[in-house]
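Each chain, written out:
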Amino acid sequence: MSGKSIFKSYSGLINLFSRVSDPILIVIAACIAFRLKFSVDISDIQKDYKLLILFVFICSVAIFPLFDLYGSWRGQSLLKQEKSILLSWVSVIFLVIITLFTLKISSGYSRIWLGYWAIIGLLLLLTFRFFIFGFLHSQRRKGKNIRQVIIVGAGDLGRRAMKEAHNSPWMGYRVISIFDDSLDLQGQKLDGCKVVGSLDDVNEYLSNQVIDEVWLALPLRAELRMKKVLNDISLHAVNVKFIPDIFGFTLMRHSLTAIAGLPAVNLSVSPIDGSNRLIKETEDRVLAFIILVLLSPVMFLMAIGVKFSSSGPIFFKQERVSWNGTKFKMFKFRSMPVNDDKNSVWGNAKDKKTTKFGRFLRKTSLDELPQFYNVLKGDMSIVGPRPERSQFVEKFKYEIPGYMQKHMVKAGITGWAQINGWRGDTCLKSRIEHDLFYIENWSIWFDFKIIFLTIFKGFFNKS
């Protein structure tokens, strides 16, 4: 067996190596942090500190796999791995802090040591990933760890797959031949790769060439031809990947899954599920609590202003629709006279009667501060599509493409649409497009970006 084949055969050991190395690096980081803080030998680490290190070790073993860190590295970018490492390590640290405060033992540990540990641990984990990726890239530049691929199907789907493989050499795929039934394409070169035959020629080609993977890029209507090709491929020990022809659909967070053991493609799913749901719920509740505490003096003054500006309650409550179509009462500081807010007309905000103090609240968006209580209750999220009233949801879902998909996440106080100016009496279709873009590209970092931009763009740019 050649060196190239040996390397390829044992490439899966890299994932096992990283699974073992990550918790070990975390322990090493704890020891380095202890040395920096206390200037004593590692052997002198106190028992309480050793127990905490063991606890973090166990947490990392349990939590890190939830962030897809130990799947196949082929096809993944370094940036994606680094983001996953950052998010998983922050989750572990956050869990440790909550545990220490819950058990009321946080005072027994040095906060400086914990800070050193968090920073050094992150640096070691990120550096480890950086060097592993660098090693893989250097091997692939030498022609090692490369998977030889043929593509069955030279249509738009096949050409797209070939282009991605060609433009992303770090993935370690090399497309060497294409097969298609079109007589017009026989013998032609597509982006430097030749169409060497029809689908009937795949079997003979695999018999005479060393191929690692076959990518099926056929349209859904070619079911019978696909079965024939799969039957031919089954005669050879080669990996087969099917690239589904779903790019013509309106997709959201599409991915692969299984239903009772059967493979399925998610065409439209919520990103806030599983560990993501826990992360976002924690983010929302913690930030909402902190904001309510910090802004309580301001909210107290706002409440006094509402009370003295006109008669009636301080808060305005209105039914809105959130995640999965659930209804809830959304809170705002009242900005209109009593009984002037019971209209059933969408938009026309400038024509609605407001009090003088209410106009100030609306202009600065301070009327929305009570919604952090909705977040604390779990009705809303800090970041997400703005909620709408029930009667308009029923109306818009037939008029605006993809409108109901925005309810696949919790409604938010601010969102991607709002910081891009799509709020108030603006184009609803454009607003929904931005909401769907947020859902499709959701991440914890996207949330923080929107929150940061809201501070500078959201409060005083209300259309």
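Described in the following lines is the structure provided in the data block.

A few words on the overall build of the chain. The secondary structure content of the chain amounts to 15 helices and twelve strands. Out of the 463 residues belonging to the chain, those deemed buried represent 46%. The contacts in the chain between residues at least 6 apart in sequence include a share of 72% that link residues at least 24 apart. Surface summary for the chain: the accessible area is close to 24,800 Å², and the carbon and sulfur share equals 62%.

Our focus in this paragraph is the nonpolar core. Counting 37 residues, the largest nonpolar core has Phe64, Trp89, Val92, Trp113 and Trp117 as the members making the most contacts within it. Breaking this core down by element, the ones donating at least two residues are α2 (13-38), α3 (47-63), α4 (78-102) and α5 (111-141). Among the elements that take part in this core, α5 stands out by supplying nine residues, more than any other. Those residues in contact with Phe64 that sit more than four places away from it in its chain are Asp22, Ile26, Cys59, Leu69, Tyr70, Ile85, Ser88, Trp89, Val92 and Leu125. Met299, Phe328, Ile400 and Tyr403 belong to the second largest nonpolar core, which has 36 residues in total.

Right, let's get into the pattern of salt bridges. Enumeration over the complete set of coordinates arrives at 16 salt bridges. Taking the shortest distance from any N to any O, the salt bridge between Glu394 and Lys397 comes out at 3.2 Å.

One pair of aromatic rings is described through two measures. These are the centre distance and the angle between the planes. Tallied over the full model, the rule gives 22 aromatic pairs. Their ring planes at 80 degrees and their centres at 5.1 Å tell us that Phe179 and Tyr205 sit as a pair that is edge-to-face. Here Tyr205 lies in helix α7 (residues 202-208) and Phe179 lies in strand β2 (residues 173-179), a separation of 26 residues in the sequence. Taking relative accessible area as the criterion, Tyr205 reaches 17% and is therefore assigned buried. Between Phe331 and Tyr373, the aromatic rings sit 5.6 Å apart at their centres with planes inclined by 75 degrees, giving edge-to-face as the arrangement. Highlighted residues: Phe331 in strand β10 (residues 327-333) and Tyr373 in helix α11 (residues 371-377), separated in sequence by 42 residues. Judged by relative accessible area, Tyr373 falls into the partly exposed class, the value being 41%. A network of ring pairs unites the aromatic residues Phe34, Phe38, Tyr49, Trp89, Tyr109, Trp113 and Trp117 as a single cluster.

Spatial strand order, β3-β4-β2-β1-β5-β6: six strands in an open sheet with mixed pairing. Bordering the open sheet on either side are β3 (189-190) and β6 (239-242), each of which pairs with just one other strand. Pairing geometry for β3 and strand β4 (residues 193-197), over two bridges, is antiparallel. Paired with Lys189 across the two strands is Lys194, which belongs to β4. Across the face of the sheet, helix α6 (residues 156-167) comes into contact with β1 (147-152), β2, β3, β4 and β5 (213-216) while running at roughly 155 degrees to β2. Across the sheet, helix α8 (residues 223-233) is in contact with β1, β5 and β6; its angle to β5 comes to roughly 175 degrees.

A few words now on the side chain of Ser177. With respect to the helices and strands, Ser177 occurs in strand β2. Judged by relative accessible area, Ser177 falls into the buried class, the value being 3%. Side chain to side chain, Ser177 and Tyr205 meet in a polar contact 2.6 Å long. The contact partners of Ser177, leaving out residues within four places of it in the chain, are Val149, Ile150, Ile151, Cys193, Lys194, Val196 and Tyr205.

For the rest of this paragraph, the subject is α6. Here α6 contains twelve residues, and its C-alpha end-to-end distance of 16 Å stays within 8% of the 16 Å for a straight helix at 1.5 Å per residue. Within the span of α6, buried status applies to Leu157, Gly158, Ala161, Met162 and Ala165. For α6, the angular spread of the buried residues around the axis is 130 degrees, confining them to a single face. Away from its buried face, by an angle of more than 90 degrees, α6 presents the exposed residues Asp156, Lys163 and His166. Of the surrounding elements, those touching the buried residues of α6 are β1, β2, β3, β4 and β5.

On to the environment of Val214. Its place among the elements puts Val214 in strand β5. Setting aside its immediate chain neighbours within four residues, Val214 contacts Ile150, Val152, Leu206, Ile233, Val238, Asn239, Val240 and Lys241.

Below, the discussion takes up empty space enclosed by the protein. Inspection of the entire model under this criterion finds two cavities of 30 Å³ or more. As for the largest cavity, its lining consists of Ile272, Arg277, Lys280, Glu281, Asp284, Trp323, Ser381, Val409 and Lys410. With four residues, helix α9 (residues 275-309) is the single largest residue contributor to the lining of the largest cavity. In terms of residue class, the lining of the largest cavity is made up of three nonpolar, one polar and five charged. What the second largest cavity holds in volume is close to 30 Å³. Lining the second largest cavity, in full, are Val321, Ser322, Pro385, Arg386, Pro387, Lys406, His407, Val409, Lys410 and Ala411. For the lining of the second largest cavity, a count of residues per class yields five nonpolar, two polar and three charged.

Analysis parameters
Residues numbered from 1 in each chain as written. Predicted model: local features only at pLDDT ≥ 70, side-chain atom pairs only at ≥ 80, totals over all residues. Heavy atoms only, no water. Helix = DSSP H or I, 4+ residues; strand = E, 2+ residues; numbered from the N terminus. Buried < 20%, exposed > 50% of the residue type's maximum accessible area, 1.4 Å probe, protein only. Contact = heavy atoms within 4.5 Å. Areas by Shrake-Rupley, 256 points an atom, 1.4 Å probe, with all protein chains shown as cover. Core = buried A, V, L, I, M, F, W, Y, C linked by side-chain atoms within 4.5 Å. Salt bridge = Lys/Arg side-chain N within 4 Å of Asp/Glu carboxyl O. Phe/Tyr/Trp six-rings, centres within 6.5 Å; stacked < 30°, edge-to-face > 60°. Pairing = 2+ DSSP bridges. Axes fitted to C-alpha atoms, helices over the stretch in contact; angles between N-to-C directions. Polar contact = N/O pair within 3.5 Å; in protein donor to acceptor, adjacent residues only side chain to side chain. Expected span 1.5 Å × (residues − 1). Arc of directions from axis to C-beta. 1 Å grid on protein atoms, 1.4 Å probe; cavity = no way out; pocket = protein on both sides within 12 Å on 5 of 7 lines; lining within 4 Å. Points joined across faces, edges and corners; volume = space filled by probe spheres on them. Nonpolar A, V, L, I, M, F, W, Y, C, P; charged D, E, K, R; others polar.

Purely geometric stuff here, so don't read any function into it on its own.
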